[in-house]
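A look at the structure
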Amino acid sequence: MSKNSFININPKTRDKSIKDENFSNTKKETLLLPSKNINESIYNSIKSSFKNSNNLSLTDKKLILIVLKSYEKTINNLNLEKSDFVLTKHEINEFLNLEKKNILRYVVYRYKYNIYPKLKIIDEYPPNIQIEPTSQCNLRCIMCYQSDKSFSSKSAGFMGYMKLDLLKKIVDEIEGKIEAVTFASRGEPTLHGELDEFLKYCDGKFLGLKLNTNATLLDEKKINSLLSSDLQSLVLSIDEKNKENYEKIRVNAKFEKIMKNLELLKNIREKNYKNSKLMIRISGVKINTEQNVEEMNQFYKEFADEIVLVDYDPWESAYENKINNIEDECSELYRRMFVWQDGKVNPCDYDYKSTLSQWNANKDDIKSIWNSKYYNEIRDLHRSKERSKIEPCRRCIST
């Protein structure tokens, strides 16, 4: 599969964290305080909550103390160590939106999400689980696996929809164990006819419930379903502010339709959901040097709370990319797990055809998969600088 000419970025490695320079907060007033003042405010909030807490586990207490020490270092301009942690820009946005009762829960969850992968710590459960309502998609974006016909054609056998019973089985197990649950992966979640039921079943159970959508199928009914749910984050996958470029990237989508849907979302949100805690993010993949997060912010700021550009990884040709010489361990093996629509469980979505999968959530539980012998064998090969022995890890640039 030849690379699309519009993609002019050729990264050598990819870090999946959101970099501050690729993040823009559209509601600037929430971050107008000098950074030291913001850090002191967050520090005092965490310290106050910690002082009044009486039901934390020993592990959680230890993590909160590390975070408090990290803030003390930051406020006093001291260097942080690898195990230290302070909130990044987009996390500060989320933190300022929290109810007081959830402050410590949030800090523990973000510590595990960010630091456990760096320290290569394997907990009982992954910090994040991505659940795929469907592998079907109505678009064929140039940087996505859907553009690979050997995956997306109906005859290939990868297309389908998750059953509600499977979703319930997963949620029943992970409630109270995992905070970050994302409805997204290889397909477009809003294509699923029972998505509203999926969201209702998750109500009140997670601190980091997120859904990614290309926003092309939004209508009044879907928007009300999303805004009335317990989603904490709604991510709209839009990469460009220019019609011609947008339609080059998001093949089968129409720019005018997207703008109409954004206007509808904005109007319904302002009219009926003024007190909603939901954060709306417009997130694009930076595949071209011309894409600029501040220009995106200026264009889209009335429709979202945050604008983000994430680093490109050539997913669209995962099994054909050149074998590289990267020896660093992939942090995804310690951060997240993917559950496809048919229950198949996979360590990452770069391997969108599931060559690494040996599990199925219909019969296996999430905890046993995450700590399974084969999962650890994959981690061991990465740790031993032998990811070159694994397909398609040896072609992936994520670290």
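Reading guide: rules and limits
- Residues numbered from 1 in each chain as written.
- Predicted model: local features only at pLDDT ≥ 70, side-chain atom pairs only at ≥ 80, totals over all residues.
- Heavy atoms only, no water.
- Helix = DSSP H or I, 4+ residues; strand = E, 2+ residues; numbered from the N terminus.
- Rg over C-alpha atoms; globule rule 2.2 N^0.38 Å.
- Buried < 20%, exposed > 50% of the residue type's maximum accessible area, 1.4 Å probe, protein only.
- Contact = heavy atoms within 4.5 Å.
- Areas by Shrake-Rupley, 256 points an atom, 1.4 Å probe, with all protein chains shown as cover.
- Lys, Arg positive; Asp, Glu negative; His and termini not counted.
- Charge placed at Lys NZ, Arg CZ, Asp CG, Glu CD.
- Core = buried A, V, L, I, M, F, W, Y, C linked by side-chain atoms within 4.5 Å.
- Polar contact = N/O pair within 3.5 Å; in protein donor to acceptor, adjacent residues only side chain to side chain.
- 1 Å grid on protein atoms, 1.4 Å probe; cavity = no way out; pocket = protein on both sides within 12 Å on 5 of 7 lines; lining within 4 Å.
- Points joined across faces, edges and corners; volume = space filled by probe spheres on them.
- Nonpolar A, V, L, I, M, F, W, Y, C, P; charged D, E, K, R; others polar.
- Phe/Tyr/Trp six-rings, centres within 6.5 Å; stacked < 30°, edge-to-face > 60°.
- Salt bridge = Lys/Arg side-chain N within 4 Å of Asp/Glu carboxyl O.
- Pairing = 2+ DSSP bridges.
- Expected span 1.5 Å × (residues − 1).

A separate point is the overall build of the protein chain. For the protein chain, the helix and strand inventory stands at 14 helices and ten strands. Computed over the C-alpha atoms, the radius of gyration of the protein chain is 21 Å, within 12% of the 21 Å expected from 2.2 N^0.38 for a compact globule of 399 residues. Burial analysis of the protein chain (399 residues in total) assigns 55% to the buried set. Taking as baseline every contact in the protein chain between residues at least 6 positions apart, the subset at least 24 positions apart corresponds to 75%. Surface exposure of the protein chain reaches about 18,400 Å², of which carbon and sulfur atoms provide 47%. Considering the protein chain, the positive charge centre built from 66 side chains and the negative charge centre built from 59 side chains are found 1 Å apart.

For the rest of this paragraph, the subject is the nonpolar core. Soluble globular proteins tend to pack their nonpolar side chains together in the buried interior. One finds Ile-129, Met-143, Ile-170 and Tyr-300 to be the most contacted residues of the largest nonpolar core, which totals 88 residues. Apart from residues lying up to four places away in sequence, Met-143 is in contact with Ile-7, Asp-239, Ile-249, Arg-250, Val-285, Ile-287, Tyr-312, Trp-315 and Glu-316. Counting residues in each nonpolar core, the second largest holds 28 residues, with Tyr-71, Ile-92, Tyr-111 and Leu-207 among its members.

Position of Arg-250 among the secondary structure elements: in the loop between helix 9 (243-249) and helix 10 (255-272). Given a relative accessible area of 8%, Arg-250 falls into the buried group. In this structure the side chain of Arg-250 is engaged in a polar contact, spanning 2.5 Å, whose partner is the side chain of Asp-239. Beyond its immediate stretch of four places on either side in the chain, Arg-250 contacts Leu-139, Cys-141, Met-143, Asn-214, Ser-237 and Asp-239.

Further remarks concern unusual backbone geometry. Where the residue is not glycine, phi is negative for most of them; where a peptide bond is considered, it is trans in most cases. A cis geometry characterises the amide bond from Glu-391 onward to Pro-392, with omega recorded as 5°. Looking at the secondary structure, you find Pro-392 in the segment after helix 14 (373-383). One non-glycine residue, Lys-120, adopts positive backbone phi at about 60°. One can find Lys-120 in the loop between helix 4 (103-119) and strand 2 (128-131). One non-glycine residue, Ala-215, adopts positive backbone phi at about 70°. When you line up the elements, Ala-215 lands in the loop between strand 4 (208-213) and helix 8 (220-227). Judged by relative accessible area, Ala-215 falls into the buried class, the value being 0%.

Tallying each qualifying case throughout the model produces one cavity of 30 Å³ or more. Space inside the largest cavity adds up to approximately 130 Å³. Lining the largest cavity are 15 residues, and of these Cys-330, Glu-332, Cys-348, Cys-393 and Cys-396 lie nearest its centre. Within the lining of the largest cavity, the residues separate by chemical class into nine nonpolar, two polar and four charged.

Next up on the list: the packing of aromatic side chains. By the definition in use, this model includes 17 aromatic pairs. An angle of 50° between the planes, with centres 5.8 Å apart, marks the rings of Phe-338 and Trp-340 as tilted. Judged by its relative accessible area of 1%, Trp-340 is buried. A network of ring pairs unites the aromatic residues Tyr-145, Phe-151, Phe-158, Tyr-319 and Tyr-352 as a single cluster.

Here the focus is the pattern of salt bridges. Per the counting criterion, the structure on display carries 25 salt bridges. A salt bridge links Lys-112 to Asp-123; its shortest N-O distance comes to 3.1 Å. Of this pair, Lys-112 sits in helix 4 while Asp-123 is found in the loop between helix 4 and strand 2, placing the two residues eleven residues apart along the sequence. The class of Lys-112 is buried, set by a relative accessible area of 19%. When the shortest N-O distance is used, the salt bridge between Asp-364 and Lys-363 registers 3.5 Å. The structure contains a network of salt bridges with shared partners spanning Lys-73, Glu-81 and Asp-84.

Right, let's get into the sheet that holds strand 6 (residues 279-286). Read from one edge of the open sheet, ten strands run 1-7-6-5-4-3-2-8-9-10, paired in mixed fashion. Two strands close off the open sheet at either side, each with one partner strand: strand 1 (23-25) and strand 10 (359-360). Alignment of strand 4 against strand 5 (residues 233-237), held across four bridges, turns out to be parallel. Bridge pairing links Leu-211 to Leu-234 in strand 5.

Residues Arg-336 and Phe-338 of strand 8 (residues 336-339) are buried on one face, and the alternating residues Met-337 and Val-339, pointing to the opposite face, are buried as well. Note that strand 8 and strand 9 (residues 344-346) share two bridges and pair antiparallel. For Phe-338, the partnering residue across the bridge sits in strand 9 and is Asn-346. The turn linking strand 8 back onto strand 9 is made up of four residues, and Gly-343 within it adopts a positive phi angle of 95°.

Spanning 18 residues, helix 10 covers 26 Å between terminal C-alpha atoms, matching the ideal 26 Å at 1.5 Å per step. Looking only at helix 10, the buried set comprises Phe-255, Ile-258, Met-259, Asn-261, Leu-262, Leu-265, Lys-266, Ile-268 and Arg-269.

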